Amino acid sequence: MPKALYPGSFDPITYGHLDIIERAGKIFEDLIIGIVENPRKETLFTPTERKEITERALEAEEISVSKVITFSGLLVNCAEKYERESIVRGLRANSDFEYEFQMALTNRDLAPEIESVFLMTSGEYSFLSSSIVKEVKELGGDVGTFVPEIVEEKLAEKFN
Ligand code: PNS
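Residues numbered from 1 in each chain as written. Predicted model: local features only at pLDDT ≥ 70, side-chain atom pairs only at ≥ 80, totals over all residues. Heavy atoms only, no water.

A. Structural view of the overall build of the protein chain. A count of helices and strands for the protein chain gives six helices and five strands. The linear arrangement of helices and strands in the protein chain, starting from the amino end, is β-α-β-α-β-α-β-α-β-α-α. Taking 15 Å as the expected radius of gyration for a compact globule of 160 residues, we find that the protein chain reaches 15 Å, a close match to that expectation. Counting only C-alpha atoms, the protein chain reaches 45 × 30 × 30 Å along its principal axes. Entry remark: accessible area of the protein chain is about 8,900 Å², with carbon and sulfur atoms responsible for 47%. (Helix = DSSP H or I, 4+ residues; strand = E, 2+ residues; numbered from the N terminus. Rg over C-alpha atoms; globule rule 2.2 N^0.38 Å. Areas by Shrake-Rupley, 256 points an atom, 1.4 Å probe, with all protein chains shown as cover.)

Shown next, in the form of C-alpha cells:
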C-alpha cells in the first residue's frame, strides 16, 4: 500500500480539507498531513498554530492520520524524506485544475517516482476555501458550517 503526503497551507483547515483527508484515508493506510511553513502567500496563522489547529480539528472530527508535520522547501523533498510514494491534492472546481496540473508536472519532473493523486471534493465543499472562511469570519459572519468549532475559536481569537 503506497504511503501518501497531503500537503497544503491549511490556513486554517476547513471541512473541505477534512473531506479530502477522510477520502484519502480510505485509499492510503499511511497518510501524513504536511503544512508548508513558507507559502508564497501570507498566512494568518503561524506554522505552529496551523499544525496545532489541524491536529485538534482532526481529533474533534475523529479522523486519524499517521502524523501532522510542517515542512519548508520543496514538496518533493519532504515527500522523499518521509518515504512517500504519493502526493494527494483535492480538486474543487475547474479553477483549481491549471495550478494543480502545473504543480503536478513540475513535481513529476523533479521526482518522477512520486505520483500526484487528485481527489474530488464533495459538492457541498466545492466552493469552500480557507480564504473565504477568513473573510467571512473577519466580517462577522458565521463559519460554523465551514470549519470545526476549534477552528472557529482560533479565528475569533485572531480577529478580536
Ligand atoms: O494549500 P495550498 O496553498 O494550495 O498548498 C500549496 C502547496 C503547499 C502544495 C505548494 O505551495 C507547495 O508545494 N509548496 C512547496 C514548494 C514547492 O515544492 N514548489 C514547487 C512545486 S510547484
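Don't stop here, the text continues.
B. Layout of the site of the ligand. As a structural note, the neighbourhood of the ligand is formed by G8, S9, V36, K41, G73, L74, L75, R89, Y99, M103 and N107. L75 is positioned with one of its backbone polar atoms (N or O) 2.7 Å from an oxygen atom of the ligand. In isolation the ligand offers 550 Å² of accessible surface; the protein chains occlude 75% of this area. When atom positions are compared with the pocket grids, the ligand is found to occupy the largest pocket. With three residues, the single largest contributor to the shell around the ligand is helix α4 (residues 94–110). Of the residues assigned to the shell around the ligand, the class counts are five nonpolar, four polar and two charged. (Near = heavy atom within 4 Å. Polar contact = N/O pair within 3.5 Å; in protein donor to acceptor, adjacent residues only side chain to side chain. 1 Å grid on protein atoms, 1.4 Å probe; cavity = no way out; pocket = protein on both sides within 12 Å on 5 of 7 lines; lining within 4 Å. Sits in = over half its atoms within 2 Å of the grid points. Nonpolar A, V, L, I, M, F, W, Y, C, P; charged D, E, K, R; others polar.)

C. Quick look at α4. Over its 17 residues, α4 extends 25 Å from the first C-alpha to the last, a length consistent with the 24 Å expected when each residue adds 1.5 Å. Those residues of α4 that fall on the buried side of the exposure criterion are D96, E100, A104 and N107. Buried positions along α4 lie against α3 (75–81), β4 (86–91) and β5 (115–120). (Expected span 1.5 Å × (residues − 1). Buried < 20%, exposed > 50% of the residue type's maximum accessible area, 1.4 Å probe, protein only. Contact = heavy atoms within 4.5 Å.)

D. Focus on empty space enclosed by the protein. Applying the stated criterion to the full structure yields one cavity of 30 Å³ or more. Forming the boundary of the largest cavity are L75, I87, R89, E100, M103, A104, N107, S116 and F118. Elements represented by at least two residues in the lining of the largest cavity include exactly β4, α4 and β5. With four residues, α4 is the single largest residue contributor to the lining of the largest cavity. (Points joined across faces, edges and corners; volume = space filled by probe spheres on them.)

E. Molecular detail of the packing of helix α5 (residues 130–138) against helix α6 (residues 149–159). Close contact between α5 and α6 brings their axes to 10 Å; oriented N to C, the two are set at 55 degrees. By the angle class used here, α5 and α6 are oblique. Handedness of the crossing formed by α5 with α6: right-handed. Counted together, V133, K134, K137 and E138 of α5 and E152, L155, A156 and F159 of α6 form the full contact between these two elements. Looking at the contact of α5 with α6, its residues break down into four nonpolar, no polar and four charged. (Axes fitted to C-alpha atoms, helices over the stretch in contact; angles between N-to-C directions. Parallel < 35°, antiparallel > 145°, perpendicular 65-115°, else oblique. Left-handed = near helix turned anticlockwise from the far one by under 90°.)

F. Focus on unusual backbone geometry. Across the junction of D11 and P12, the peptide omega takes the value 0 degrees, indicating a cis bond. Tracing the backbone through its elements, the reader meets P12 in the loop between β1 (4–8) and α1 (15–27). In this structure, E62 takes a positive phi of about 55 degrees despite not being glycine. Residue classification places E62 among the exposed residues on the basis of a relative accessible area of 73%. Positive phi, normally seen in glycine, also occurs at E83, with a value near 55 degrees. Looking at the element boundaries, E83 is found in the loop between α3 and β4.

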